[in-house]
Amino acid sequence: MAADHMLQFVGRDQAYPDKRAAGDRVADFDEIAARYAIPAAEDQAGRCSQCGVPYCAVHCPLHNHIPDWLRLTAEGRLRDAYELSNATSTMPEICGRICPQDRLCEGNCVIEFSGHGAVTIGSVEKFITDTAWEQGWVEPLVPGRARGQSVGVIGAGPAGLTAAEYLRVNGYDVHVYDRHDRAGGLLTYGIPGFKLEKPVVMRRVDRLAAGGIVFHYGFEVGRNASLDELRQRHDAILIATGVYRARAIDVTGSDADGVVEALDFLTASNRKGFGDDVPAFDDGSLSAEAKHVVVIGGGDTAMDCVRTAVRQGAASVKCLYRRDRANMPGSQREVGHAEEEGVDFVWLSAPTAVTGGDKAAGVQLRRMRLGAPDATGRRAPEHDPGGEAEVPAELVIKALGFDAEDLPTLWEAPELGVTRWGTVLADARTLMTSLDGVFAAGDIVRGASLVVWAIRDGRDVAASMHAWLKARAADERKAA
Ligand code: FAD
Ligand code: SF4
Ligand code: SF4
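A. A look at the sheet that holds strand β13 (residues 395-398). With parallel pairing, five strands are arranged side by side in an open sheet as β6-β13-β7-β8-β9. The open sheet has two free edges, formed respectively by β6 (259-261) and β9 (344-346), since each of these has just one partner strand. Each neighbouring strand pair of the sheet contributes to a mean axis angle of 25°, computed without reference to strand direction. With four bridges connecting them, strand β7 (residues 292-296) and β13 associate as parallel partners. Each residue of the ladder has a partner; that of Val 294, found in β13, is Val 396. Its contacts with the sheet place helix α15 (residues 300-311) against β7, β8 (316-320), β9 and β13, and it is angled at close to 170° to β8.

Written out as structure tokens, the structure reads:
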């Protein structure tokens, strides 16, 4: 190891790539962070102390070889760094952009604990693979020797796409079915461009299609085919459909015009970014322009909604959350970005009614306070007597999280085992469901989670499906 390149964390300060000024970034949907220049990335990678037991990698769901690719970057061997980073992840540049690093790799970096500020792992990871794309180092997907077996993947989000890639590399015919008209799942239609620009996702999808993965768009299982019909077409099936049943809010007036679901709002905005016709945006129903906007919820979806509303030219944007800042589920980094961009957080507040009759005009809210910890150890919010207020709102966005849809009913598959939350039951080791040859991965198994976990599941399930399909082919050969 070229030790002089590394261990520079005492003399060299932590430096993230520059962020654009808040005033500039709210004028468009481009990503807010600039990229490192080459010397800056090399310098930042050189802050790593090359731990014998790298806690950063232990806490990365993909167990990426972080110290090794940091060292290669510090040594200027960017292509080697890319190849190593690519060995454990199908989308390193996407994780580098949108993983909550403060809770995963960077939050567990020993340099952080020693008070010097974590190595900026995510930004270096993004830099390495963005450079690889620019330099033409990202190789086409080369399918393995054809095995004569086919796999149907339901859902083109990160879990489905990851599994599809590894299975294609292993020589399977892979068909991906998605109800949308583009692949990517929430990478494409949920997460806004200011966190993840869409060409970054689309170049990944294009590479998979060029490698022979067949995409069937506008194909909804449950409408265009039952699960059983798909099982007849393929040797194995992967369910990677994510979770899409929005949690409801039970207050007077919540069915008024102007009260909308977070994902409808975000999808419309992302579609406009692609240049699509979106009538419900163009007629104003899903647009925040010139409106007072209230977003209800404190998770990452709520953060994406408030920041989207600001960019659409809202007159004001408020976020209501029933706990305080320290107890919110969303990333603190994203709250900071939202505050810089002019969002007003009304902590410890819960809506009691949408006012205005048929058309939303305001939200009545009640002050909350934090009571004793509940069974999970979090302090439960409770009503603070006497604290009532009303805020103006022509657009009220409900961002309270998502549960699984009722797949056994929708897919005419009562024998598909699910948990009491509706997520699909999958064997912890094989990720096979209660149906032979039907596997499941991603949010539909975990409940709403993270992109990096969906990629991890996609990698694991592909290995398990490969083993199962090989065994099945061997049995068939023996029987023949
Ligand atoms: P999805 O990405 O949900 O993909 C599932 C796909 O299945 C979709 O394309 C859907 O159209 C398709 N599908 C569903 N049902 C059917 C059917 N019946 N027939 C055919 N196709 C079907 N995670 C992070 O790590 N960082 C973030 O910053 C972040 N921000 C987020 C912001 C928002 C607004 C949301 C909602 C989530 C965010 N997440 C984030 C979470 C992350 O996006 C998910 O955990 C991840 O996308 C799950 O991947 P998946 O492949 O399991 O499912
Ligand atoms: Fe960190 Fe996510 Fe990259 Fe893992 S995948 S190293 S957690 S940014
Ligand atoms: Fe380097 Fe931090 Fe990981 Fe240690 S924990 S190997 S210092 S990035």
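Past the structure itself, the notes keep going.
B. Structural detail: a nonpolar patch on the surface. Taken together, the side chains of Val 53, Tyr 55, Val 58, Val 110 and Phe 113 define a hydrophobic patch exposed on the protein surface, amounting to about 480 Å² of accessible area. At the level of secondary structure, the elements contributing two or more residues to the nonpolar patch comprise α3 (55-58) and α7 (110-113). Within the secondary structure, Val 58 sits in helix α3. Taking relative accessible area as the criterion, Val 58 reaches 44% and is therefore assigned partly exposed.

C. Fine view of the site of ligand 2. Every residue close to ligand 2 is listed here: Cys 60, Asn 64, Ile 66, Cys 95, Cys 99, Gln 101, Leu 104, Cys 105, Ile 121, Glu 125 and Val 452. In terms of residue class, the shell around ligand 2 is built from eight nonpolar, two polar and one charged.

D. View of the layout of surface pockets. Within this model, the second largest pocket holds a volume of roughly 240 Å³. Lining the second largest pocket are 14 residues, and of these Phe 29, Gly 193, Ser 269, Asn 270 and Gly 273 lie nearest its centre. Of all elements in the fold, only α11 (198-210) and α13 (262-274) reach the threshold of two or more residues within the lining of the second largest pocket. Here the element with the most residues in the lining of the second largest pocket is α13; it accounts for five residues.

E. Region of interest: helix α16 (residues 332-340). All buried positions along α16 are accounted for by Glu 334, Val 335, Gly 336, His 337 and Ala 338. Buried-residue contacts for α16 involve α1 (22-25), α15 and β9. Once α16 finishes, Gly 342 follows within two positions and takes phi at roughly 100°, a positive value.

F. Just the sheet that holds strand β10 (residues 349-355), in detail. With respect to topology, three strands assemble into an open sheet ordered β10-β11-β12, the strand pairing being antiparallel. On the outer flanks of this sheet lie β10 and β12 (379-392), each paired with one strand and no other. Across the sheet, the mean angle separating the axes of adjacent strands is 20° when strand polarity is ignored. As paired strands, β10 and strand β11 (residues 362-373) are joined by six bridges and run antiparallel to one another. Each residue of the ladder has a partner; that of Ala 353, found in β11, is Gln 364.

G. Geometry of the site of ligand 1. If you check the shell around ligand 1, you find 34 residues, and the closest are Ile 98, Asp 178, Lys 195, Tyr 244 and Asp 443. Contacts to ligand 1 include Leu 450, whose backbone N or O atom sits 3.3 Å from an oxygen atom. Within the shell around ligand 1, the residues separate by chemical class into 18 nonpolar, ten polar and six charged. In this structure, the shell around ligand 1 is formed jointly by two domains, domain 2 (150-243 + 404-479) and domain 3 (250-398), each of which donates at least three residues.

H. Structural view of the domain arrangement of the protein chain. According to the domain assignment, the protein chain consists of domain 1 (2-135), domain 2 (150-243 + 404-479) and domain 3 (250-398). Using C-alpha coordinates to define each centre, domain 1 is positioned 29 Å away from domain 2. Both faces combined, the contact of domain 1 with domain 2 buries some 2200 Å², and carbon together with sulfur accounts for 67% of it. Joining domain 1 to domain 2, the criterion identifies two salt bridges. Here Arg 203 ties to Asp 130 by a salt bridge, and the two come within 3.0 Å at their closest N and O atoms. Linking domain 1 with domain 2 are ten residue pairs in polar contact (both at pLDDT 80 or more), by the criterion used here. With six residues, the single largest contributor to the side of domain 1 that touches domain 2 is helix α6 (residues 92-98).

I. How the structure looks around the pairing of strand β1 (residues 150-154). Of all five residues in β1, five are buried, a share of seventy percent or more. Alternating positions in β1 separate into two faces, Ser 150, Gly 152 and Ile 154 on one and Val 151 and Val 153 on the other, with burial throughout. Bridging between β1 and strand β2 (residues 173-178) involves five bridges; their strand directions are parallel. Residue pairing across strands places Ser 150 opposite Asp 173, the latter belonging to β2. Each parallel crossover has a hand, and the one from β1 via helix α9 (residues 158-169) to β2 is right-handed. For β1 and strand β4 (residues 236-239), the ladder comprises four bridges, and the chain directions are parallel. Across the sheet, Gly 152 pairs through a bridge with Ile 237, a residue of β4.

J. Quick look at the nonpolar core. Formed by 76 residues in total, the largest nonpolar core has its most connected members in Ile 66, Leu 187 and Leu 238. Looking at this core element by element, the count peaks at nine residues for helix α19 (residues 451-479). Among the domains, domain 1 (2-135) and domain 2 (150-243 + 404-479) are the pair contributing at least three residues each to this core. When residues no more than four places from it in sequence are discounted, the contact partners of Leu 187 are Met 91, Ile 94, Ile 98, Pro 158, Leu 196, Lys 198, Val 201 and Val 451.

K. Summary view of a negative patch on the surface. Judged by side-chain charge, Asp 228, Glu 229, Glu 412 and Glu 415 come together as a negatively charged surface patch. As for its placement among the helices and strands, Glu 415 is situated in the loop between α17 (407-410) and β15 (438-440). Its relative accessible area of 43% is what places Glu 415 among the partly exposed residues.

Rules of the game
- Residues numbered from 1 in each chain as written.
- Chains lettered and ligands numbered in written order.
- Predicted model: local features only at pLDDT ≥ 70, side-chain atom pairs only at ≥ 80, totals over all residues.
- Heavy atoms only, no water.
- Pairing = 2+ DSSP bridges.
- Helix = DSSP H or I, 4+ residues; strand = E, 2+ residues; numbered from the N terminus.
- Axes fitted to C-alpha atoms, helices over the stretch in contact; angles between N-to-C directions.
- Contact = heavy atoms within 4.5 Å.
- Patch = residues over 30% accessible without salt bridge, like charges linked within 9 Å, V, L, I, M, F, W, Y side chains within 5 Å.
- Areas by Shrake-Rupley, 256 points an atom, 1.4 Å probe, with all protein chains shown as cover.
- Salt bridge = Lys/Arg side-chain N within 4 Å of Asp/Glu carboxyl O.
- Buried < 20%, exposed > 50% of the residue type's maximum accessible area, 1.4 Å probe, protein only.
- Near = heavy atom within 4 Å.
- Nonpolar A, V, L, I, M, F, W, Y, C, P; charged D, E, K, R; others polar.
- 1 Å grid on protein atoms, 1.4 Å probe; cavity = no way out; pocket = protein on both sides within 12 Å on 5 of 7 lines; lining within 4 Å.
- Points joined across faces, edges and corners; volume = space filled by probe spheres on them.
- Polar contact = N/O pair within 3.5 Å; in protein donor to acceptor, adjacent residues only side chain to side chain.
- Domains from an automatic or database assignment.
- Buried area = accessible area lost by both parts, 1.4 Å probe.
- Right-handed = clockwise from strand over helix to strand, strands pointing away.
- Core = buried A, V, L, I, M, F, W, Y, C linked by side-chain atoms within 4.5 Å.
- Lys, Arg positive; Asp, Glu negative; His and termini not counted.
- Charge placed at Lys NZ, Arg CZ, Asp CG, Glu CD.

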